[in-house]
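Read off the chains here:
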Amino acid sequence: MATPLSSSAASAPTAADAPEALANIHVVCAEPSIANHFLAELRDKDVQKDSLRFRRNLQRLGEIIAYRISAHLSYTDKTIQTPLAETTGKLLHDFPILATVLRAGLPFHQGFLNYFDQSPSAFVAAYRIEGTAQVQVQVDYLSAPSLDERVLILADPMLATGKSLVQTYRAMLRFGTPRQVHIAAVIASPEGLAYVAREIPEATLWVAAIDEKLNEQAYIIPGLGDAGDLSFGSKL
Ligand SMILES: O=P(O)(O)OC[C@H]1O[C@H](OP(=O)(O)OP(=O)(O)O)[C@H](O)[C@@H]1O
Ligand SMILES: O=c1cc[nH]c(=O)[nH]1
């Protein structure tokens with residue numbers, strides 16, 4: 001099912017929102033792991049010249065967060081016959097629906113799909129309208145299966161103001177009510193993360209890192225720049 005959607009502006013998040021005070025937020029790079037290495041490469045303007053590596057690092061962080069989320073899903077015992085004996089395996093009860101936001105979401109999404117290989121996907125075209133005083137997001141196109149009673153993972157690498165994720169999620173609810181919601185990003189601003197946590201309290205949030213702030217153009221500082229352009233080339 002594919003539906004064109006109209007634009008709307010959500011109320012602006014403020015820096016006074018403190019994500020530290022909010023439960024349900026997992027910060028993957030808070031502990032040492034290879035995820036920190038992938039994130040450091042994503043941020044490095046010299047390494048960014050290699051767009052293949054940039055996309056692959058987004059994908060690898062998608063894989064890592066997918067693995068972390070998998071610990072929160074349900075499994076069913078199944079009898080398995082090996083070549084030598086019978087044993088019991090645990091199979092994922094139902095594969096989550098994987099939703100992402102074009103364009104920058106695509107490599108991150110692929111990381112989730114690498115692990116949740118039987119998952120259906122949902123795609124949203126959303127973009128920030130340039131030249132407005134406050135960030136406004138246009139949601140143009142949404143293609144999704146039924147979300148009723150499913151686990152939904154909504155993944156977008158950059159969580160700046162949080163408006164893209166909040167508007168995308170609201171638009172997606174036209175396709176049903178999920179029983180569990182996970183929202184994943186690579187880099188979040190403190191105010192954007194607090195905004196998403198406030199507007200979507202039913203979601204568990206997963207981020208690789210929480211950065212310092214947004215700049216006047218609502219870009220994340222230090223951030224990594226424009227994830228869509230770095231993945232796929234600059235827009236006109
Ligand atoms: O939290 P927000 O303030 O809404 O910003 C985040 C959005 O910005 C990026 O997309 P972008 O608008 O750069 O589009 P692109 O992927 O097409 O380059 C990113 O992938 C998010 O969708
Ligand atoms: O810092 C930001 C903010 C929005 N989108 C990006 O790609 N980067």
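Residues numbered from 1 in each chain as written. Chains lettered and ligands numbered in written order. Predicted model: local features only at pLDDT ≥ 70, side-chain atom pairs only at ≥ 80, totals over all residues. Heavy atoms only, no water.

Participant: Kindly report on the site of ligand 2, identifying the contributing residues and their values.
Facilitator: Taken together, Arg128, Met158, Ala160, Ala218, Tyr219, Ile220, Gly225, Asp226 and Ala227 make up all the residues around ligand 2. Ile220 has a polar backbone atom sitting 2.8 Å from an oxygen atom of ligand 2. Taking Gly225, its main chain carries an N or O atom lying 2.8 Å from a nitrogen atom of ligand 2. In isolation ligand 2 offers 240 Å² of accessible surface; the protein chains occlude 89% of this area. (Near = heavy atom within 4 Å. Polar contact = N/O pair within 3.5 Å; in protein donor to acceptor, adjacent residues only side chain to side chain. Areas by Shrake-Rupley, 256 points an atom, 1.4 Å probe, with all protein chains shown as cover.)

Participant: For the UniProt feature "domain: Phosphoribosyltransferase" (unreviewed entry) in the protein chain, give the residues involved together with the corresponding values.
Facilitator: What UniProt calls "domain: Phosphoribosyltransferase" (unreviewed entry) maps, in this numbering, to residues 34-233. Strand forms 32% of residues 34-233 and helix 34%; the C-alpha atoms that close the span are 27 Å apart. (UniProt positions renumbered as here; feature names shortened; annotations may be inferred. Helix = DSSP H or I, 4+ residues; strand = E, 2+ residues; numbered from the N terminus.)

Participant: Lay out helix 5 (residues 190-199) with the relevant residues and their values.
Facilitator: Within an α-helix, residues lying three or four positions from one another point in the same direction, as the helix has 3.6 residues per turn. With 8 of 10 residues buried, helix 5 is to be regarded as a mostly interior element. Listing the buried residues of helix 5 in full gives Pro190, Glu191, Gly192, Leu193, Ala194, Tyr195, Val196 and Ala197. Residues of helix 5 that are buried sit in contact with strand 2 (25-27), strand 9 (158-159), helix 4 (163-172), strand 10 (180-188), strand 11 (203-210) and strand 12 (213-214). (Buried < 20%, exposed > 50% of the residue type's maximum accessible area, 1.4 Å probe, protein only. Contact = heavy atoms within 4.5 Å.)

Participant: So what's going on with the site of ligand 1? Which residues, and what values?
Facilitator: Near ligand 1 you find 15 residues, and of these Arg128, Asp156, Thr161, Gly162 and Ser164 are the closest. With respect to ligand 1, the side chain of Arg128 contributes an N or O atom lying 2.7 Å from an oxygen atom. Here an oxygen atom of ligand 1 sits 2.6 Å away from a polar atom, N or O, in the side chain of Thr161. Against a free-state accessible area of 510 Å², the protein chains account for coverage of 92% of ligand 1.

Participant: Outline the pairing of strand 4 (residues 86-92), supporting the account with residue identities and numerical values.
Facilitator: One ladder, built from 7 bridges, connects strand 3 (residues 75-81) with strand 4; its direction is antiparallel. Opposite Ile80, over in strand 4, you have Thr87 as the bridge partner. In textbook terms, the turn of a hairpin is the stretch between consecutive antiparallel strands, and for strand 3 and strand 4 this stretch comprises 4 residues. (Pairing = 2+ DSSP bridges.)

Participant: Account for the environment of Lys78, with residues named and values stated.
Facilitator: One can find Lys78 in strand 3. Taking the C-alpha atoms as reference, Lys78 lies 5.2 Å from Gly89; in sequence the two are 11 residues apart. Setting aside residues up to four positions removed in sequence, Lys78 forms contacts with Thr87, Thr88, Gly89 and Leu91.

Participant: Can you lay out the packing of helix 4 against helix 5 for me, pointing to particular residues and giving the numbers?
Facilitator: With their axes 9 Å apart at the nearest point, helix 4 and helix 5 run at an angle of 20 degrees to one another. The angle between the axes of helix 4 and helix 5 places the two elements in the roughly parallel class. At the point where helix 4 passes helix 5, the crossing takes the right-handed sense. Counting all contacts with helix 4, which are made through Lys163, Leu165, Val166 and Arg170, the residues of helix 5 involved are Tyr195, Val196 and Glu199. For the contact of helix 4 with helix 5, a count of residues per class yields 4 nonpolar, no polar and 3 charged. (Axes fitted to C-alpha atoms, helices over the stretch in contact; angles between N-to-C directions. Parallel < 35°, antiparallel > 145°, perpendicular 65-115°, else oblique. Left-handed = near helix turned anticlockwise from the far one by under 90°. Nonpolar A, V, L, I, M, F, W, Y, C, P; charged D, E, K, R; others polar.)

Participant: So what's going on with the pattern of salt bridges? Residues and values would help.
Facilitator: Inspection of every chain in the model, using the stated rule, returns 12 salt bridges. A salt bridge links Asp229 to Arg103; the shortest N-O distance between them is 2.8 Å. Of this pair, Asp229 sits in helix 6 (residues 227-232) while Arg103 sits in the loop between strand 5 (97-102) and helix 3 (105-115), placing them 126 residues apart in sequence. Accessibility expressed as a relative area gives 23% for Asp229, which makes it partly exposed. On the basis of relative accessibility, which here comes to 27%, the residue Arg103 falls in the partly exposed class. Close ionic contact of Lys235 with Asp226 constitutes a salt bridge, the shortest N to O distance being 3.7 Å. Take Lys235: its relative accessible area is 52%, and that puts it in the exposed class. Residues joined in a network through salt bridges with shared partners are Arg103, Asp226, Asp229 and Lys235. (Salt bridge = Lys/Arg side-chain N within 4 Å of Asp/Glu carboxyl O.)

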